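Results of the structural survey
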Amino acid sequence: MKTAVRKAQAELEKRKRKKRRREGDLDHVNNISKAQSQDILVLEEKQPKKKKGDKGDSGSQKDYPRGWLIKTLCKTFWQNLLLSVLFKVVHDVIVFVSPQLLKLLIAFVSDEESFTWQGYMYAILLFLSALIQSLCLQQYFSLCFQLGIQVRASLIAAIYKKSLTMSGATRKESTVGETVNLMSADAQRFMDMANFVHQLWSSPLQIILSIVFLWGELGPSVLAGLAVMVLLIPINAFLVAKSKTIQVRNMKNKDERMKIMSEILNGIKILKLFAWEPSFEKRVNEIRARELKNLLNFSYLQSVSVFVFTCAPFLVSLASFAVYVLVDENNILDAEKAFTAISLFNVLRFPMAMLPMVLSSLVQTNVSTVRLERYLGGEDLDTSELVGDLGVLMPSCLCSVNLDITPGSLVAVVGAVGSGKSSLVSAMLGEMEHIKGHINIQGSLAYVPQQAWIQNATLKDNILFGSELDETRYQQVIKACALLPDLELLPAGDQTEIGEKGINLSGGQKQRVSLARAVYSNADIYVLDDPLSAVDAHVGKYLFKHVLGPKGLLKNKTRILVTHSISFLPQVDNIVVMVAGAVTEQGSYGTLLANRGAFAQFLNLYGRQEKDASEKNTTGTGNKMGLCVCLGDMKNLALSGSDANGGSHEPYPEPLKNVKGQKLIEKEAVETGKVKFSMYLRYLRAVGLWYSFWVAMGYVGQYVAFVGTNLWLSAWTDDAQRYLNETYPLEQRDLRIGVFGALGVSQGECGSTGVGHSYWASRVMHQQLLSNILRVPMSFYDTTPTGRIVNRFAKDIFTIDETIPMSFRSWLSCLMGIISTLLMITLATPFFALIIIPLGIFYYFVLRFYVSTSRQLRRLDSVTRSPIYSHFGETVSGLSVIRAYGHQARFLKQNEITMDINQKSVYSWIISNRWLAIRLEFVGSLVVFFSALLAVISKGTLEGGIVGLSVSSALNVTQTLNWLVRTSSELETNIVAVERVHEYTKAPWVTEKRPPRGWPSKGEIRFVDYKVRYRPELELVLQGITCNIGSTEKVGVVGRTGAGKSSLTNCLFRVLEAAGGMILIDEVDITTIGLHDLRRNLTIIPQDPVLFTGTLRMNLDPFDQYTDEEVWKALELAHLKTFVQDLPGRLLYVVSEGGENLSVGQRQLVCLARALLRKAKILILDEATAAVDLETDHLIQTTIRSEFADCTVLTIAHRLHTIMDSDRVMVLQAGRIVEFDSPEELLRKPGVFSMMAKDAGITNTETTTL
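Attention here is on the structure that accompanies the text. Values in this document were obtained by computation on a predicted structure and should not be read as measured data.

What follows is about the packing of helix α7 (residues 116-165) against helix α30 (residues 832-877). It is the contact of α7 with α30, at a shortest axis distance of 10 Å, that shows an interaxial angle of 15°. The pairing of α7 with α30 is recorded here as roughly parallel in orientation. Both α7 and α30 take part in a crossing whose hand is left-handed. On the side of α7, the interface is formed by R152, I156, I159, Y160, S163 and L164, while α30 contributes R865, I868, H871, F872, T875 and V876.

This is how it looks when you write it as structure tokens:
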């Protein structure tokens, strides 16, 4: 497999190079020489040049390398293709032996004189040809399916590999959702196509052969039948084209829906806190409605094509026979001719049915090919600017930056929000599009991003990040990064599994793990993007001292530190000041102060206390300092720094004795055993029971007509015996033709009812799933990976939309087909009824045995598939980190391993299918054998017509038997989707008891012995809290990490439900009212600023409740007005996925504007100012003080100075309130608070004003 991928990619490269030479793309040629001189950050030397799109010339989005994918795949898998062609040819030839044998058999029965042994020989030959046919066919299928899974695997691997080397521009073109779709839907399409690809030549071959044989039977009248076929082709073509356009439209809708869904799931916490679910539910439902409209049109088209299809084979035989008897009076339709012709027409049915299917599948694969080629042929990350010696670099948002950083120095980069600090870092990592200039980096890199990226693995694996374990160094790193206390708090120490996106760590812990990873990697150059912003001040001080500073672990490495914290600046070797994307000044602390430039003013504003402090001790304590403990001995440092802990991700309050809660993410439940009948009922109920009944009746009608047609034909052929030497009466002839025609058309009519019934089911099921997902409690998201939920919305909904209706239809028609065939054989030779019984029993056991295996294997397949997607999503979100560390190879390997696990279950499933088919076709061959044998035995009593009918039906039954099992198992495996969609349960948004209007008017909060825990099996986080907070009071909440600060806010919003006690707001118990009534009336400025794709205005006011003036007013108060006025589109400026086109500080301000718009009586600040520089922080504080003067404000603080002017301060410790009084009182008496204040250099309340 891997060689296949490599081969494919090498092929590709060759073709690209040729193409580039042809187009003489000069730009690339220039780059090559540079790129080869020093390819530092790239995995393989050639990689950046591989699959290079030819965007250089036109620059239009349409221009991407085309047409290479299919060729590459063919070249890779030619042996498989060749072998399957061989088997298919043998099979196709043997197919035509049976009709000839049938002809001989009918002749034998009609002929009184013939010898009995001939009959037995014919019967045995029929049996043998059927057997050989089935063996060849199964070999062929087995090869095809293997090809399918190999193609899928190579495509997924290629997509994954590409995602690791993509340039920023290409990455922006396709969102994570779209890429995951490429992996799930498009690679799957290729897999399905590979199974049928040989039909493209085999169908025409079979059609030509059958026509040749038919000509032998019926002469030129076959042309009439052919004409009908040819006429059907344009009709089909039209239907295919129409359905293609619908498909393409629907892919767009599906992409859009998946994009919103993955955003909703990523920002679910915010949606819940702001009670915004209805707005987003509406958005998803609008897209879904468009999707369903297309689906409905699609199913109408399908019903037309079903009608055309059911009629096709029959119209062909009608036309041929009618013309045959009408042309010449001497042409009499006898049994030999009619039934040989009929069995040949039956052979024709399959290729004629397959051809349009293969064509439409080809069309879909074509759509996928275009998408894949565009993605795989996109620009790669060009690392060629990282070359040569010290140079200049100019990305678009930085203007001529000249930097020369001496090895082993510590360089600080400072500047206001949005001045280009993070861009500078990206540029160093080669993530920015460079316009001119270059960077020279000598040595390996380690990178700590501003928002920590944590993998879903154990804590230890996150730190080791694929390196070897060196125990002493590991312990040293953990100690230096202040992680020891956290390890004690986590349920299983460093073996604790960390959820997706580090969900069960607090922000400070995430940041420190991220830092520990960098330190452990032992690189030469450290690029640190503000790693200290997320941790408590004293922890910051500790980290600086032990890791970053002149005496830290990294003292001999080159360190580039982006920071907002002034206190460390006196100790760095060099300071770079950035303003609006340019470096305004650089030099040591002393020099910059002496220059009296922008930096000196900046310091004068914020650094007054710092100077006093830094005279007292060298580690300048600054106003960035939060709660501190004596740093004297390590044991006291039990606080770890929860800062950005998103709510429920506070560390557990104390180490648990047994390792409960070590596994955070539950394994995906795999249903076992038979699919419950209730699932089918549930689906049919969603369709509508009446409707389902009529559909079934339609199918019964179709097959009644089918049996009628055949019996009529048999009677018609027996006329040949009756009027042996007389002239054939004309009215008899016309009657025969007329009734035959009428029966056939009614067959088609009945068949095409009942399409489009699936529309209702799709609608109902998606609606239920969506509303359940949005109403489920927060703890569900902590234990369920988003990949799994996305899988529900992508794969399972797709199954309900498109696969289940098809399965239901084919199952019904197979079942009716088999029943009608057995009926006809039994009519001919009643003894056959005895043989049906043992065959039926055998068939049933094979079926049960197979279906249960197959179902389990299919379930395993879908369960092992989710990890491929979640691993991929994780990779894409941590791309810059993976690239900076150069760990692409390891992630590729990981991806291959997850894929192999999935391939195993798919492969076993395919082989089990073949096992089954061989056994079933054996049953089919026996049916043929016995129907022939019985005909031979009861030779004297039978008419030729009825024998022909019996054996030709039997020849047809093999395939139908096979399909019945296939479709019933398919139906069972697909109905699992219904089962999975129904797994989730919900909590009500609005209960019967509504709070009074204008509640809460006063904003009083009362806790009464309140207790809470995160999950039932864990300990209490808050252990009986009782306190009163008066109206409009400003309360600060402080405490060490894990004391339960964030849990307090989660309880107010009922993100966590009480384990005991209650909370009253204005005398209303919050558990008695609906969640939305509660959450709409509180406001929070959360820690992680989350924004959604959409306009800026939608992010502030998703329900359009406020006027534009109010929105501008809020923006002005949040100090964003000038920024927004300069944006293209102003309020309608489109925010990209996750708000990536705004800096973290700006996102925080947007969240502030959100709160200002809402203006509820109670405001909760969850350390809202961690990611902002001091200036902005100051602005936010002043705004909050003035604007929320008449509200109750709870501030959860990490920097003590933010809460020194509160009315009262609540000090939490281990989930209990230890002190609760005004800050002056608390400072006066010795206690926890005064200790903290002392450490933060705060002696009285006045000094803290800025």
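Attention shifts here to the environment of V1144. Relative to the elements of secondary structure, V1144 occurs in helix α39 (residues 1144-1158). Residue V1144 is classed as buried on the basis of its relative accessible area, which comes to 9%.

Contact geometry of helix α19 (residues 507-521) with helix α20 (residues 537-548) gives a least axis separation of 13 Å together with a crossing angle of 5°. When the axis of α19 is compared with that of α20, the two are roughly parallel. Residue-level contacts link R512, L515 and V519 of α19 to V539, L543, V547 and L548 of α20. Of the residues that constitute the contact of α19 with α20, the class distribution is six nonpolar, no polar and one charged.

We now examine the sheet that holds strand β7 (residues 558-562). Two pairing modes exist for strands in a sheet, parallel and antiparallel, and in both the strands are linked by backbone hydrogen bonds. Overall, mixed pairing links the six strands, which are arranged β5-β6-β7-β3-β8-β9 in an open sheet. Each edge of the open sheet is held by one strand with a lone partner, namely β5 (445-448) and β9 (582-587). Pairs of neighbouring strands in the sheet enclose a mean axial angle of 15°, with direction left out of account. Of the pairings in the sheet, the one linking strand β3 (residues 410-414) to strand β8 (residues 574-579) comprises four bridges and is parallel in character. Along β8, the bridge assignment pairs A412 with I575.

With that out of the way, let us pick up the packing of aromatic side chains. Pairs of aromatic rings are described using the distance from one ring centre to the other and the angle between the two planes. Following the criterion strictly, the structure yields 26 aromatic pairs and no others. The interplanar angle of 85° and the centroid separation of 6.4 Å between the aromatic rings of F321 and W716 together place this pair among those described as edge-to-face. Taken together, the residues F321 in helix α13 (residues 277-327) and W716 in helix α25 (residues 689-722) connect sequence positions 395 residues apart. Residues F321 and W716 agree in their burial class; the two are buried. Pairing F1007 with Y1010 gives two aromatic rings, centres 6.2 Å apart and planes at 80°, and the pair type is edge-to-face.

This part takes up the pattern of salt bridges. Overall, the coordinates contain 21 salt bridges when judged by the stated rule. Between R512 and D486 there is a salt bridge; the shortest N-O distance is 2.6 Å. Of this pair, R512 sits in helix α19 while D486 sits in helix α18 (residues 484-489), and the two are 26 residues apart along the sequence. Per residue, the accessibility class of R512 equals that of D486, and both read buried. A salt bridge links R865 to D861; its shortest N-O distance comes to 2.9 Å. You can see R865 and its partner D861 sitting in helix α30, four residues apart, about one turn around the helix. Summarising the burial analysis for this pair, R865 and D861 share the class buried.

Ordered in space as β15-β18-β19-β12-β20-β21, the six strands form an open sheet in which the pairing is mixed. If you trace the sheet from one side to the other, it starts and ends with β15 (1082-1085) and β21 (1216-1221), each paired once. Averaged over all pairs of adjacent strands, the angle between strand axes in this sheet comes to 20°, irrespective of strand direction. Two strands pair when backbone bridges link them, and strand β18 (residues 1162-1166) and strand β19 (residues 1192-1196) are joined in this way by five bridges, in the parallel orientation.

You can see S692 is positioned in helix α25. The residues contacting S692, other than those within four sequence positions of it, are L684 and V687.

Mapped onto the secondary structure, G549 falls in the loop between α20 and β7. Classification of G549 by relative accessible area gives buried; the value is 0%. Separated by 23 residues in the primary sequence, G549 and V572 place their C-alpha atoms 7.5 Å from one another.

Turning next to a nonpolar patch on the surface. Residues F115, W117, M121, I124, L125 and L128 make up a contiguous nonpolar surface patch of about 600 Å² in total accessible area. One can find L128 in helix α7.

We now examine the nonpolar core. If you look at the biggest cluster of nonpolar residues, it comprises 106 residues, and the most contacted ones within it are C481, L548, I575 and F599. Broken down by element, this core gets its largest block of residues, 10 residues, from α7. Not counting the four nearest positions on each side in its chain, I575 is found in contact with A412, V414, L569, E585, Q586, G587, Y589, L592 and F599. Grouped together as the second largest cluster of nonpolar side chains are 99 residues, A335, F706, I835 and L920 included.

Taken residue by residue, a regular strand's side chains alternate between the two faces of the sheet. The pairing of strand β10 (residues 1005-1013) with strand β13 (residues 1058-1065) spans six bridges and is classified as antiparallel. Across the sheet, residue K1011 finds its bridge partner in β13, namely G1060. Examined bridge by bridge, β10 and strand β11 (residues 1020-1029) share seven bridges and lie antiparallel to one another. When the bridges of β11 are listed, Y1010 appears paired with I1025. If you look at the hairpin formed by β10 and β11, you'll find six residues sitting between the two strands.

Most of β7 is tucked away: five of the five residues are buried. Across four bridges, the pairing between β3 and β7 is parallel. For L410, the partnering residue across the bridge sits in β7 and is R559. Pairing between strand β6 (residues 525-529) and β7: five bridges, direction parallel. Paired with V527 across the two strands is I560, which belongs to β7. Taken together, β6, α20 and β7 form a β-α-β motif whose crossover is right-handed.

Moving on, we come to unusual backbone geometry. Across residues other than glycine, the phi torsion is negative in most instances, and most of the peptide bonds are trans. Unlike most non-glycine residues, N522 shows phi in positive territory, near 55°. With respect to the helices and strands, N522 occurs in the loop between α19 and β6. Here N522 falls in the partly exposed class, since its relative accessible area comes to 41%. Within the chain, R1054 stands out as a residue other than glycine whose phi angle is a positive 55°. One can find R1054 in the loop between α34 (1045-1052) and β13.

Turning next to the environment of V527. Locating V527 in the fold gives a position in strand β6. By relative accessible area, V527 is classed as buried at 1%. Taking the C-alpha atoms as reference, V527 lies 8.2 Å from V562; in sequence the two are 35 residues apart. Sequence-distant contacts of V527, defined by excluding residues within four places in its chain, comprise V425, L445, A446, Y447, V448 and I560.

Rules and cut-offs
- Residues numbered from 1 in each chain as written.
- Predicted model: local features only at pLDDT ≥ 70, side-chain atom pairs only at ≥ 80, totals over all residues.
- Heavy atoms only, no water.
- Axes fitted to C-alpha atoms, helices over the stretch in contact; angles between N-to-C directions.
- Helix = DSSP H or I, 4+ residues; strand = E, 2+ residues; numbered from the N terminus.
- Parallel < 35°, antiparallel > 145°, perpendicular 65-115°, else oblique.
- Left-handed = near helix turned anticlockwise from the far one by under 90°.
- Contact = heavy atoms within 4.5 Å.
- Buried < 20%, exposed > 50% of the residue type's maximum accessible area, 1.4 Å probe, protein only.
- Nonpolar A, V, L, I, M, F, W, Y, C, P; charged D, E, K, R; others polar.
- Pairing = 2+ DSSP bridges.
- Phe/Tyr/Trp six-rings, centres within 6.5 Å; stacked < 30°, edge-to-face > 60°.
- Salt bridge = Lys/Arg side-chain N within 4 Å of Asp/Glu carboxyl O.
- Patch = residues over 30% accessible without salt bridge, like charges linked within 9 Å, V, L, I, M, F, W, Y side chains within 5 Å.
- Areas by Shrake-Rupley, 256 points an atom, 1.4 Å probe, with all protein chains shown as cover.
- Core = buried A, V, L, I, M, F, W, Y, C linked by side-chain atoms within 4.5 Å.
- Right-handed = clockwise from strand over helix to strand, strands pointing away.

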